[in-house]
Amino acid sequence: MLRLVSLKLGRLYRYVKLAVLGSLAAALGLNTHSLLASLQRNELSERRFLQLNKCPACWGTSWCRKFLNGQLRLESWGRLRLFDFFNVKNVYFARYGEPREGSRRVVLKRLGSAQELADIDTKICRRATGRGRCDLLQALHATEFASLNGDVRLLTPDAVEGWSDLVHCPSQRLLDRLVRRYAETKDSGSFLLRNLKDSERMQLLITLAFNPEPLVLQSFPSDEGWPFAKYLGACGRMVAVNYVGEELWSYFNAPWEKRVDLAWQLMEIAEQLTNNDFEFALYLLDVSFDNFAVGPRDGKVIIVDAENVLVADKRLIRQNKPENWDVWYESKFDDCDKEACLSFSKEILCARVTVDHNYYAICQNLLSRHATWRGTSGGLLHDPPAEIAKDGRLEALLDECANPKKRYGRFQAAKELREYLAQLSNNVR
């Protein structure tokens, strides 16, 4: 009986698969002319495709000249709108060309699905008029985004606290940094909000409220050694960042030596974001194999999705001394049997100086046997060589880092794991 059911389900799957392929073939056949036109047309030079008409309810305009002049072109199938159904995250690959530099690959992001972007318009309308649909540009002037225009000198914590993960618990020092490094203005370098144009202030605030990833990349730039993709610019509701390389999951079955090196780099990233000279702790609230990429030439691991990053100012915590501020905080292991689970309290992350969250996130979701991704399990360091498996030290450190048995065990395990991985990969640190 069970075999009969499985055979029927197998046939049904094949029929559905054939039906989908047939529908795609029919669509391709019926729309050959429009598809050819799509391949010839450069949509990245069209204001409508860029949603430039939404500005200043957009991400910026610093790269509009490059877009509108045709310096960017979508790659191959990215030009076909038929495949947008599969591109849920609205991420595109394109070629960017400079006359003297030749062309290079870049990544374009709308920073949300089509529904999420539509929800932004709805939320703005509801805040301004109480209705879901309205004249967006007029409605903006009746929102809190407009109230911070005019002669407002500084962007202050009480004005934006809780708008997004980035500013869940902002300090004045962090907000001054965001404004001073804002790349969507010609006169960057000043922390005074009033030095920005009204439209620039509006764009900054909307980005901060709805998807602060561009602000993370601008405020903690790769040029200064931060492990994030390089921000290039924006036009309308499209931002451009440099192409890093293949996502981390494509290295899941890479040679052991390569995986060890990648694991060591991931633990170094966790350390850098937790403890740095700037005394900003950047906590990764979403850690999965598709949020990291690896450079094909230098093999460097880079964070390519920085939407869910909480920044805590350790100087402010030491100054304000909230309850238990100096007690080490240990994240609780989350055995949820799903991909990329994390257990954390944003309030505690904002109120403690010593926190193991980043070590926990990397160990549990990427490195240890508890990590699962797209049907695979065992983590990036699965199936070690026989001598390492027999020694048992690696497995013990990974287990203690993901699910510590001793108090403050993760802190010590993370330190020892970084050193052990450096030794295995012949990195002297």
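An unreviewed UniProt entry lists the chain under the name DIA1 protein, from Aramus guarauna. Listed in UniProt under the heading Sequence similarities (unreviewed entry), the comment for the chain reads: "Belongs to the DIPK family." Taken directly from UniProt, the Subcellular location (unreviewed entry) text for the chain runs: "Secreted".

Pairing is possible between side chains that carry opposite charge, provided their charged atoms lie close to one another. Counted under the stated rule, the structure contains 19 salt bridges. Salt-bridge contacts for Arg127 lead to Glu144; the nearest nitrogen and oxygen are separated by 2.8 Å. Taken together, the residues span a long stretch of sequence, with Arg127 in helix 5 (residues 114-129) and Glu144 in helix 7 (residues 144-147) at a distance of 17 residues. The exposure class assigned to Glu144 is partly exposed, which follows from its relative accessible area of 29%. Of the charged contacts, one joins Arg418 and Glu268 as a salt bridge, the two residues approaching to 3.1 Å between their closest N and O atoms. You can see Arg418 sitting in helix 18 (residues 409-424) and its partner Glu268 sitting in helix 12 (residues 256-274), a full 150 residues away along the chain. A relative accessible area of 24% means that Glu268 is categorised as partly exposed. Several salt bridges share partner residues, and in doing so they unite Lys54, Asp121 and Arg237 into one network.

The subject of this paragraph is helix 17 (residues 393-402). Of all 10 residues that make up helix 17, 7 are buried, and the element is covered over most of its length. Every buried residue belonging to helix 17 is among Leu394, Leu397, Leu398, Asp399, Glu400, Cys401 and Ala402, and all of these are buried. Elements that come into contact with the buried residues of helix 17 comprise helix 12, helix 15 (357-367), helix 16 (386-391) and helix 18.

Strand order in the open sheet made by the 3 strands is 6-8-9, with antiparallel pairing throughout. Only two strands of the sheet have a single neighbouring strand rather than two, namely strand 6 (246-247) and strand 9 (301-303). Against the sheet, helix 12 touches strand 8 (292-294) and strand 9, its axis set at about 45 degrees to strand 9.

Summed over all chains, the structure comprises 14 aromatic pairs. Considering the side-chain rings of Trp63 and Phe67, the 6.5 Å spacing of their centres and the 65 degrees angle between planes classify their relative orientation as edge-to-face. The residues Trp63 and Phe67 share a single accessibility class, namely buried. Centroid distance Phe93 to Tyr243: 6.0 Å. Interplanar angle 80 degrees. Geometry classified as edge-to-face. Here Phe93, found in strand 2 (residues 91-98), pairs with Tyr243, found in the loop between strand 5 (238-242) and strand 6; they are 150 residues apart in sequence, far enough to count as distant. Assessed through its relative accessible area of 36%, Phe93 is described here as partly exposed.

A few words on the state of the cysteines. Under the criterion given, the structure shown has 5 disulfides. With its sulfur 2.2 Å from that of its partner, Cys64 forms a disulfide with Cys235. When the S-S torsion is 100 degrees, as for the bridge of Cys64 with Cys235, the disulfide is right-handed. Residue Cys64 is found in helix 4 (residues 64-68), and its partner Cys235 is found in strand 4 (residues 231-235); the two are separated by 171 residues along the sequence. An identical accessibility class is assigned to Cys64 and Cys235; each is buried. The disulfide partner of Cys169 is Cys350, and the gap between their sulfur atoms is 2.1 Å. Across the S-S bond of Cys169 and Cys350 the torsion is about -80 degrees, and the bridge reads as left-handed. In this pair, Cys169 sits in the loop between helix 8 (157-160) and helix 9 (172-180) while Cys350 sits in the loop between helix 14 (346-349) and helix 15, placing the two residues 181 residues apart along the sequence. Pair check on accessibility: Cys169 and Cys350 agree, each one buried.

Examined against the element boundaries, Ser331 turns out to sit in the loop between helix 13 (314-320) and helix 14. Assessed through its relative accessible area of 4%, Ser331 is described here as buried. Filtering out sequence-adjacent residues up to four positions away, Ser331 remains in contact with Ser343, Asp356, His357, Tyr360 and Arg410.

Attention now goes to the layout of surface pockets. One number sums up the size of the largest pocket: a volume of about 960 Å³. Lys89, Val91, Lys109, Val304 and Asp305 are, among the 40 residues lining the largest pocket, the residues nearest its centre. Of all the secondary structure elements, the ones that give two or more residues to the lining of the largest pocket are strand 2, strand 3 (102-109), helix 5, helix 10 (198-210), strand 5 and strand 6. It is helix 5 that contributes the most residues to the lining of the largest pocket, 4 residues altogether. When its residues are assigned to classes, the lining of the largest pocket shows 17 nonpolar, 9 polar and 14 charged.

Let's shift gears to the side chain of Asp165. Its place among the elements puts Asp165 in the loop between helix 8 and helix 9. Filtering out sequence-adjacent residues up to four positions away, Asp165 remains in contact with Leu285, Asn308, Val309, Leu310, Val311 and Lys346.

Predicted coordinates in regions of low pLDDT should not be interpreted in detail. Of all residues in the chain, 86% have pLDDT values of 70 or greater, and the mean over the chain is 87. Counting contacts from residues 1-13, a segment whose pLDDT is below 50, to residues more than four positions away or on other chains yields 0 contacts. In this model residues 31-35 is a low-confidence stretch, pLDDT under 50, and it forms 2 contacts with partners more than four residues away in sequence or in other chains.

Here is what the cut-offs are and how they apply
All residue numbers refer to position in the chain's written sequence, counted from 1. Per-residue local features of the predicted model are confined to residues with pLDDT of at least 70, and side-chain atom pairs are confined, for both listing and counting, to 80 or more; whole-chain, interface and lining totals are unaffected and use all residues. Only hydrogens and water are set aside; all other atoms, that is, all heavy atoms of the structure, feed into the side-chain values. UniProt positions are given in the numbering used here, feature names are shortened, and annotations may be inferred rather than shown by experiment. What counts as a salt bridge is simple: a side-chain nitrogen of Lys or Arg found within 4 Å of a carboxyl oxygen of Asp or Glu. A run of H or I in DSSP counts as a helix once it spans at least four residues, and a run of E counts as a strand once it spans at least two, with each numbered from the N terminus. The buried label applies to any residue whose accessible area, calculated with a 1.4 Å probe on protein chains only, is under 20% of its type's maximum; exposed applies above 50%, and partly exposed to all values in between. Residues count as neighbours in contact if any of their non-hydrogen atoms are within 4.5 Å of one another. A strand pair is defined by DSSP finding two or more bridges across the two strands. Axis lines are fitted through C-alpha atoms, for helices just across the contact stretch, and the angle between N-to-C directions can take any value from 0 to 180 degrees. For Phe, Tyr and Trp, where Trp contributes only its six-membered ring, two rings pair if their centres lie within 6.5 Å, and the inter-plane angle classes them as stacked under 30 degrees, edge-to-face over 60, or tilted in between. Note on terminology: pairs of cysteine sulfur atoms within 2.5 Å are recorded as disulfides. Of the two site types, the cavity is a set of points on a 1 Å grid over the protein atoms alone where a 1.4 Å probe fits but cannot get out, and the pocket is an open set with protein on both sides within 12 Å along at least five of seven lines, each lined by residues with an atom within 4 Å of a point. Grid points are joined across faces, edges and corners, and a volume is the space filled by probe spheres set on the points. Three categories are distinguished: nonpolar for Ala, Val, Leu, Ile, Met, Phe, Trp, Tyr, Cys and Pro, charged for Asp, Glu, Lys and Arg, and polar for the others, with Gly belonging to the last. Per residue, pLDDT captures the predictor's confidence, and it can take any value from 0 to 100.

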